[in-house]
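# Tertiary structure, described
Chain residues, written in single-letter form:
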Amino acid sequence: MDKKHLNIGIYAHVDAGKTTLSEALLFLSGAIRKSGRVDHGDTFFDTYSLERSRGITIFSKQAELDFSENTHVTLLDTPGHADFAPETERTMKVLDVAVLVISAADGVTSQVQTLFGLLSHYEVPVVIFVNKMDQTGADKEAVLADIKKRLSPHSIDFSSIIKDQSVSEAALSDDAFQEEIAVCDDALLNAYLEEGTPVSLEDISKLFTDRKVFPCLFGSALKMEGIHELMGFVDIFAKTPSYPSEFAARVYKISRDSSGTRLTWVKIMGGTLHVRDILKMPDMSKGAAAGTMNDEKVDQIRVYFGEKYELLQEAEAGRIVAITGLNSSHAGQGLGSLEGDVTEILQPILSSRIILPEGADAFKVYGQLSELSEEEPLLSVSKDDDTGEISVQVMGQVQMEVLKHLCLERFGLDIAFGPGSIVYRETIKSTVEGVGHFEPLRHYAEVHLLLTPTEPGSGLSFDADCPVDDLAINWQNLILSHLEEFKIRGVLTGSEITDMKITVIGGRSHLKHTEGGDFREATMRAVRQGLMMAESILLEPVFNFVIELPSENLGRALSDIQKMNGTTNPPDMLPDGGAVLTGSVPASELSDYASELLSYTHGQGRINLSLRGYEPCHNAEAVIEEKGYDPERDIKQPTGSVFCSHGAGTLISWNEVRNHMHVETGWTPDGDQRSDAAETDLSRLGESLQSFRSEDVRKEAELTYEERTRAYNATMQELDSIFEKTYGPVKPRYDAKADEERKRLAANKAPAKKYRAPKEYSPSDSYLLVDGYNIIYSNDELRSLAEHDMKSARDKLMDILVNFQGYRSEIVILVFDAYRVPGGTEHAIKYHNLDVVFTKEAETADQYIERTAHEYSKKNRVTVATSDAIEQVIIYGSGATRMSANDFWYEVRRTEEEIREYL
């Protein structure tokens, strides 16, 4: 019979005796000659100086030992402190069995519940070892009842089943045990009750592997009690998983040895890994295109035993080894046939600024901290390019102390930390389509993304639902790669987004001009444009708490939690005069409440915290105002898009982007596809608008001002109605009041600017104001062009007027109605030698021309080209002269003839 190999991790709440249990397993298996003690600072696993001085495990360690002649074990000792929970979580991805240690004195704490939940997520079979049963007051029945209540009702006492390292047949056959174990599986229960079939050892092994039963053993690691039973249970009931023949591996940790060599810790999940094997690794160099792979060679395969290691020529499936030679690996990465990454559930909730010693090079320090972030990815080291400040995300004060010690020991750098701040997140309230376009000269990419809110705690997920006829599959995969790569900021505070599914639903590329980087730009702009369109929600971390305190202090605790905007459940009153209070509270409000609790309970109160997740922020307006983030000024993650106009890239604001898009996905807020009725409405609207324009030009002299105003307003109301029915309304930002206040303050800081033509004019200048759309619809060629493409008609008129302006003495100003979007502002562009003005929101070209004619005609000669009869009357009253559309086109043709004659 082949010797089975198992990877076992030991997990516990801090001070539950986890490291002492590891020492006992090593000693009784013969792996070490002397069992160390935490309080003596001589344990086998805790080799780091800070681990010995503080008496806690900081880094996960590995050892090789034999539980029996049939079972070889790779033992992983993990940190117990909550600040290092992500390090603990990463080891769960490579385990076959987990031993969960519970202190008999403390019972099931919130940290134990968190660990049990994580092990459930990674589907790791769990055996529970209740430690410190030798202490006075340890109550086996009470602890077991607590485990059944807080962890699983299928937690069963196995202490009588395993004697030394063998099975007690008498205890196994006991009716009470047989019935209790049979209840864990319906098929076994039916067979036991109806046919009298007993539960066998093989049945128990399968129940344990399938996580349907959680065996409980009791003992004292310090006194070596119950250790043989634990080893016996693993030897008898734990099974080795089956592995495929094709090579696969999962990276769970990155570290460096004492000489600085980079180590990639992996579990071989299939096949065999050999020294000098070539592995395909993503190219992480700056400027490398997404999806680019490099070949990296395995230099060494190491099997560690504490600080020492043995070199292997090959590693078979099931082994946990450290590899040298890989430079671009990262925690959670799949190698070989194992594709995709696995990310941690636990996330840091604090962010702190690094205070550098005087004279330190910020750029160099950033590189050093980035090296540490390979070993602890959740540090999320970031550097502000404007201020040069470096910040990191941490789980708590103890991790800050360890990071400070690491920097001093490894780099000789004595850093300090600024005040910590809460790490917020952002999500959206409802589904929205985001659009992004990137088209400077000789580049092209357009992306349409569907942003959908998902369940709290679900994180980000990405998918594609776009026909390959519309966008090739390679471009869709590239977009998905970029989405996974980005750390996208929300638009409220610049915090990272979460709890959202982003789906590619449309896009376009150019056969000649599209490059990979174009889709990177378009993808970022699409997400940010969608976030600007959506109603965003600010999220904050929330803790579940369990407070144990004397009953006379219960009122104070309830009052404190209420002041912290927390919620509480009805308190549990204990027979000994104590009370247990549970509930949840925002992390931002807790501060140093544990110390305060100890103070007013005279040392009798304690609080256990576990991260509940992210929930809507209780004081969102105050946080948004404090952060002062303006998404439209974020140049690294822009909200607008870039379009090509006359050979140059033109930046279009996020709220105008949709009107310039080249692709129509058909998505609407009410469903995935635009309804046939909406399509009909849009078609009918286009026809009515064209009819209105043409009829207005031909018969405007017959219309009264009131009739023309009513017709215009009716048409615009119909446009608004159909636009909102088709695309949905443009929603306000999450905090509209704060947004308006920010705009007001910004306006007060700078004097108001009124539009003036781009160049200085002398009093002797004469002006020709051209009503753009009126002139377009008075020309057969331009009117025909406008029926299919209004932008092309507008551009052609501008080209005509460039020649006209170059020959004529008057200054030509071309005026267009801007698209009616909320917040639209009056602006002008210089098109070659021509001044082009777009009016502000709710202002027509007529109104602008009337206002400008009245102002300029006081000192200059002003002529207005229009066929609007009402406008002509107003123009005369302003002191300007009128040129009809026919006269204007006559002047254009005459000017062109003079130019030709001159040439």
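Residues numbered from 1 in each chain as written. Predicted model: local features only at pLDDT ≥ 70, side-chain atom pairs only at ≥ 80, totals over all residues. Heavy atoms only, no water.

Attention now moves to the overall build of the protein. Looking only at helices and strands, one finds 27 helices and 41 strands in the protein. Burial status across the protein gives 51% buried among its 903 residues. Pairs at least 24 residues apart make up 70% of the contacts formed inside the protein by residues separated by at least 6 positions. Carbon and sulfur atoms form 49% of the exposed surface of the protein, whose accessible area is close to 42700 Å². (Helix = DSSP H or I, 4+ residues; strand = E, 2+ residues; numbered from the N terminus. Buried < 20%, exposed > 50% of the residue type's maximum accessible area, 1.4 Å probe, protein only. Contact = heavy atoms within 4.5 Å. Areas by Shrake-Rupley, 256 points an atom, 1.4 Å probe, with all protein chains shown as cover.)

Next up on the list: the packing of aromatic side chains. Applying the stated criterion across every chain yields a total of 15 aromatic pairs. For the pair Tyr304 and Tyr309, a centre-to-centre distance of 5.2 Å together with 45° between the ring planes defines the contact as tilted. Lying over the aromatic face of Tyr309, Arg302 brings its terminal NZ or CZ to 4.1 Å of the ring centre. Positioned above the aromatic ring of Tyr600, the side-chain terminus of Arg556 is 4.1 Å from the ring centre. (Phe/Tyr/Trp six-rings, centres within 6.5 Å; stacked < 30°, edge-to-face > 60°. Lys NZ or Arg CZ within 6 Å of the ring centre and 35° of its normal.)

Here we take up the sheet that holds strand 10 (residues 248-256). Sheets are built from strands paired through backbone hydrogen bonds, the pairs being either parallel or antiparallel. The sheet built from six strands is open, its strands ordered 16-15-18-11-10-19 with antiparallel pairing. The strands lining the two open edges of the sheet, one partner per strand, are strand 16 (308-312) and strand 19 (334-336). The sheet shows a mean angle of 40° between the axes of neighbouring strands, taken without regard to direction. Alignment of strand 10 against strand 11 (residues 262-270), held across eight bridges, turns out to be antiparallel. (Pairing = 2+ DSSP bridges. Axes fitted to C-alpha atoms, helices over the stretch in contact; angles between N-to-C directions.)

Our focus in this paragraph is the confidence of the model for the protein. Overall, the predicted model of the protein reaches an average pLDDT of 82, with 84% of residues at or above 70. Taken as a whole, residues 672-705 scores under 50 in pLDDT and shows 48 contacts with residues more than four places along the chain or in a different chain. Across residues 730-763 the pLDDT falls below 50, and counting only partners more than four positions away or on other chains, this stretch makes 42 contacts in the model. (pLDDT = per-residue confidence, 0-100.)

Further remarks concern the sheet that holds strand 9 (residues 214-218). Pairing is mixed across the open sheet formed by seven strands, whose spatial order is 2-3-1-4-5-9-6. Across the chains shown, the open sheet's two edge strands, defined by having one partner strand only, are strand 2 (61-66) and strand 6 (155-157). Direction aside, the axes of adjacent strands within the sheet are offset by 30° on average. The sheet contact formed by strand 2 and strand 3 (residues 71-77) spans six bridges and is antiparallel. From the neighbouring strand, Asp66 faces strand 3, where its bridge partner is His72. Of the strands in this sheet, strand 1 (4-12), strand 2, strand 3, strand 4 (97-103) and strand 5 (126-131) are in contact with helix 1 (residues 18-28), which crosses strand 1 at around 150°.

At a minimum axis distance of 10 Å, the contact between helix 1 and helix 10 (residues 227-237) shows a crossing angle of 75°. Taken together, the axes of helix 1 and helix 10 lie roughly perpendicular to each other. Where helix 1 approaches helix 10, its residues Leu21, Ala24, Leu25 and Leu28 are matched on the opposing element by Ile227, His228, Leu230 and Met231. Within the contact of helix 1 with helix 10, the residues separate by chemical class into seven nonpolar, one polar and no charged. (Parallel < 35°, antiparallel > 145°, perpendicular 65-115°, else oblique. Nonpolar A, V, L, I, M, F, W, Y, C, P; charged D, E, K, R; others polar.)

On to helix 4 (residues 110-121). In a regular helix each residue adds 1.5 Å, so twelve residues correspond to 16 Å; helix 4 covers 17 Å between its end C-alpha atoms and thus fits that length. Of the positions making up helix 4, those classed as buried are Ser110, Gln111, Val112, Leu115, Phe116, Leu118 and Leu119. Against the buried residues of helix 4 lie strand 1, helix 3 (85-91), strand 4, strand 5, strand 9 and strand 33 (606-616). Immediately downstream of helix 4, the backbone of Glu123 shows phi near 55°, a positive value. (Expected span 1.5 Å × (residues − 1).)

With that out of the way, let us pick up the pairing of strand 28 (residues 500-509). Within strand 28, seven of the ten residues are buried, leaving the element largely enclosed by the surrounding structure. Read as a crossover between parallel neighbours, the route from strand 27 (residues 460-464) over helix 13 (residues 473-485) to strand 28 is left-handed. (Right-handed = clockwise from strand over helix to strand, strands pointing away.)

Across soluble globular proteins, nonpolar side chains show a tendency to be buried alongside one another. In this structure, Ile8, Leu21, Leu25, Val99, Phe158 and Ile181 are the most contacted members of the largest nonpolar core, which totals 49 residues. Ranked by the residues each element gives to this core, the list is headed by helix 10, at six residues. The residues touching Leu21, leaving out its near neighbours within four places in the chain, are Ile10, Val99, Val101, Phe129, Ala221, Ile227 and Leu230. With 46 residues, the next largest nonpolar core counts Val365, Leu538, Met564 and Leu590 among its residues. (Core = buried A, V, L, I, M, F, W, Y, C linked by side-chain atoms within 4.5 Å.)

Here we take up the side chain of Asp518. Note that Asp518 resides in helix 14 (residues 516-533). In this structure, Asp518 is buried with no salt-bridge partner, the nearest side chain bearing the opposite charge being Arg525 at 9.6 Å. A polar contact of 2.9 Å, which involves the side chain of Asp518, links it to the side chain of His443. Once you skip the residues sitting within four places of it in the chain, Asp518 turns out to touch Phe438, His443, Tyr444, Ala445 and His513. (Lys, Arg positive; Asp, Glu negative; His and termini not counted. Salt bridge = Lys/Arg side-chain N within 4 Å of Asp/Glu carboxyl O. Polar contact = N/O pair within 3.5 Å; in protein donor to acceptor, adjacent residues only side chain to side chain.)

The next subject is helix 7 (residues 175-182). Every buried residue of helix 7 is listed here: Phe177, Gln178, Ile181 and Ala182. Along the axis of helix 7, the buried positions cluster into a sector of 125°, meaning they face one direction only. For helix 7, the exposed residues set more than 90 degrees away from the buried face come down to Asp175 and Ala176. Those residues of helix 7 that are buried lie in contact with strand 6, helix 6 (169-173), helix 8 (186-195) and helix 9 (201-209). (Arc of directions from axis to C-beta.)

On to the environment of Ser173, then. If you trace the backbone, Ser173 turns up in helix 6. Along the chain, Ser173 and Ser200 lie 27 residues apart, while their C-alpha atoms are 9.3 Å from each other. There is a polar contact of 2.9 Å between the side chain of Ser173 and the backbone oxygen of Glu169.

Attention now goes to the environment of Tyr831. If you trace the backbone, Tyr831 turns up in strand 38 (residues 827-831). Separated by 33 residues in sequence, Tyr831 and Met798 place their C-alpha atoms 7.8 Å apart. With residues up to four places along the chain from it excluded, the contact list for Tyr831 reads His646, Met798, Asp799, Val802 and Val836.

This part covers the pattern of salt bridges. Across all of its chains, the model carries 36 salt bridges by this definition. We note a salt bridge from Lys148 to Glu180, for which the minimum N-O separation is 3.1 Å. One end of the pair, Lys148, is in helix 5 (residues 140-150); the other, Glu180, is in helix 7, with 32 residues separating them in the sequence. Glu180 sits in the partly exposed class, given a relative accessible area of 33%. One network of salt bridges, in which partners are shared, links Arg808, Glu810, Glu891, Arg894 and Glu898.

Once that is clear, we can look at the pairing of strand 29 (residues 536-550). The buried count for strand 29 comes to 13 of 15 residues, which makes it a mostly enclosed element. As defined by bridge partners, strand 24 (residues 425-428) adjoins strand 29 across four bridges and the pair is classed as antiparallel. Along strand 29, the bridge assignment pairs Thr427 with Ile537. Across ten bridges, strand 29 lies against strand 33 in antiparallel orientation. Counterpart to Asn544 in the pairing with strand 33 is Ser610. The pairing of strand 29 with strand 32 (residues 578-586) spans nine bridges and is classified as antiparallel.

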